[in-house]
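Chains, contacts and geometry: an overview
Listed below, chain by chain, are the residues.
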Amino acid sequence: EADIYQTPRYLVIGTGKKITLECSQTMGHDKMYWYQQDPGMELHLIHYSYGVNSTEKGDLSSESTVSRIRTEHFPLTLESARPSHTSQYLCASSEPSLETQYFGPGTRLLVL
Amino acid sequence: GENVEQHPSTLSVQEGDSAVIKCTYSDSASNYFPWYKQELGKRPQLIIDIRSNVGEKKDQRIAVTLNKTAKHFSLHITETQPEDSAVYFCAASRGSARQLTFGSGTQLTVLP
């Protein structure tokens with residue numbers, strides 16, 4: 001079934017650790033996005049990609065980085081996690097000619 | 001850039017009553033306006049969208065209206081049910097080459 005997958009779903013980690021949040025989609029979409037969202041609150045765009053080898057920063061300043069080596073895969077990396085990074089991270093994708101975005105289930109990150 | 005304001009931030013209605021959530025946008029070139037529903041602990045899901053060449057769109061108990069002159073659009077839910085309780089987000093976009101700008105969300109509670 002076509003969907004967007006995120007792993008891990010929950011992550012508790014200590015300050016200073018390097019982490020990678022995985023996002024993959026079988027929707028056949030070119031465009032992918034990362035949002036940061038505190039529970040029930042506004043979605044903040046932190047990174048997006050139009051396709052392979054394309055990455056852009058979003059509206060919210062973030063200390064994370066992304067890569068897009070394969071169309072279906074868009075991982076997000078935090079080189080050194082801090083408590084301020086505690087949040088939910090949502091991955092999304094959309095078709096190149098349409099604006100409708102479809103979201104993954106999210107990763108809840110807790111940095112101690 | 002685009003700015004989307006959403007009101008109210010919380011809304012409580014009795015089961016069977018109607019609920020209305022309003023959004024205003026700043027960029028007159030915006031032409032795509034989706035609404036997402038996010039249940040507690042779940043991913044945002046598209047429930048309805050409208051494009052600027054249409055003034056109203058309905059899907060069963062849900063309708064969206066768009067006033068381009070006033071730059072505002074609204075979500076209408078009729079005959080509300082407890083399962084309608086969720087956070088609702090509006091968004092606006094200038095086209096497929098642009099990103100979605102989200103409103104701050106409305107927590108809707110349907111009281112039995």
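Residues numbered from 1 in each chain as written. Chains lettered and ligands numbered in written order. Predicted model: local features only at pLDDT ≥ 70, side-chain atom pairs only at ≥ 80, totals over all residues. Heavy atoms only, no water.

Along its length, chain B carries zero helices and 11 strands. Counting from the amino terminus, helix and strand elements in chain B follow one another as β-β-β-β-β-β-β-β-β-β-β. Over its C-alpha atoms chain B spans a radius of gyration of 13 Å, differing by no more than 12% from the 13 Å that the globule rule assigns to 112 residues. Here chain B holds 112 residues, and the buried ones make up 45% of them. When contacts within chain B are restricted to residue pairs at least 6 apart in sequence, long-range pairs at least 24 apart make up 53% of them. Summing over all exposed atoms, chain B offers an accessible surface of approximately 5500 Å²; the carbon and sulfur share of this is 46%. The centroid of the 12 positive side-chain charges in chain B is displaced by 9 Å from the centroid of its 12 negative side-chain charges. (Helix = DSSP H or I, 4+ residues; strand = E, 2+ residues; numbered from the N terminus. Rg over C-alpha atoms; globule rule 2.2 N^0.38 Å. Buried < 20%, exposed > 50% of the residue type's maximum accessible area, 1.4 Å probe, protein only. Contact = heavy atoms within 4.5 Å. Areas by Shrake-Rupley, 256 points an atom, 1.4 Å probe, with all protein chains shown as cover. Lys, Arg positive; Asp, Glu negative; His and termini not counted. Charge placed at Lys NZ, Arg CZ, Asp CG, Glu CD.)

Residue and element names in this part refer to chain A. With eight of its eight residues buried, strand E9 (residues 87-94) lies for the most part within the structure. Burial along E9 is two-sided: Ser-87, Tyr-89, Cys-91 and Ser-93 facing one way and Gln-88, Leu-90, Ala-92 and Ser-94 facing the other are all buried. Alignment of E9 against strand E11 (residues 107-111), held across three bridges, turns out to be antiparallel. Paired with Ser-87 across the strands is Leu-109, a residue of E11. Here E9 runs beside strand E10 (residues 102-103); their pairing, made up of two bridges, is antiparallel. Along E10, the bridge assignment pairs Ala-92 with Phe-103. (Pairing = 2+ DSSP bridges.)

The next thing to look at is the sheet that holds strand E1 (residues 4-7) of chain B. Residue and element names in this part refer to chain B. The strand order E1-E3-E8-E7-E6 describes an open sheet built from five strands, whose pairing is antiparallel. Both outer strands of the open sheet, E1 and strand E6 (56-59), are each paired with one neighbouring strand and no more. The mean angle between the axes of side-by-side strands here comes to 15°, regardless of whether they run parallel or antiparallel. Bridging between E1 and strand E3 (residues 19-25) involves four bridges; their strand directions are antiparallel. Bridge pairing in E3 places Glu-5 opposite Thr-24. (Axes fitted to C-alpha atoms, helices over the stretch in contact; angles between N-to-C directions.)

Bringing the packing of aromatic side chains into the picture now. Per the counting criterion, the structure on display carries 11 aromatic pairs over all chains. Taking the centre distance of 5.6 Å and the plane angle of 45° together, the rings of Tyr-35 of chain A and Phe-103 of chain A count as tilted. Taken together, the residues Tyr-35 of chain A in strand E4 (residues 31-37) and Phe-103 of chain A in strand E10 connect sequence positions 68 residues apart. Each member of the pair, Tyr-35 of chain A as well as Phe-103 of chain A, carries the same accessibility label: buried. Here Phe-33 of chain B and Phe-73 of chain B contribute two aromatic rings whose centre-to-centre distance is 4.8 Å and whose plane-to-plane angle is 50°, an arrangement assigned as tilted. Here the residue Phe-33 of chain B occupies a position in strand E4 (residues 32-38), and Phe-73 of chain B occupies one in strand E8 (residues 72-77), the gap between them amounting to 40 residues. With respect to class, Phe-33 of chain B is no different from Phe-73 of chain B; both count as buried. (Phe/Tyr/Trp six-rings, centres within 6.5 Å; stacked < 30°, edge-to-face > 60°.)

Tallying the contact residues gives 25 residues for chain A and 22 residues for chain B. Of the roughly 1800 Å² buried at the junction of chain A and chain B (both faces included), carbon and sulfur atoms supply 49%. Between chain A and chain B we count one salt bridge in total. Where Arg-43 of chain B meets Asp-3 of chain A, a salt bridge forms, and the shortest distance between an N and an O atom there is 3.0 Å. Our count for the chain A to chain B interface comes out at six residue pairs in polar contact (both at pLDDT 80 or more). Those elements giving two or more residues to the side of chain A that touches chain B turn out to be E4, strand E5 (44-49) and E9 of chain A. The element best represented in the side of chain A that touches chain B is E4 of chain A, accounting for four residues. Looking at side-chain class alone, the side of chain A that touches chain B contains 13 nonpolar, seven polar and five charged residues. (Buried area = accessible area lost by both parts, 1.4 Å probe. Salt bridge = Lys/Arg side-chain N within 4 Å of Asp/Glu carboxyl O. Polar contact = N/O pair within 3.5 Å; in protein donor to acceptor, adjacent residues only side chain to side chain. Nonpolar A, V, L, I, M, F, W, Y, C, P; charged D, E, K, R; others polar.)

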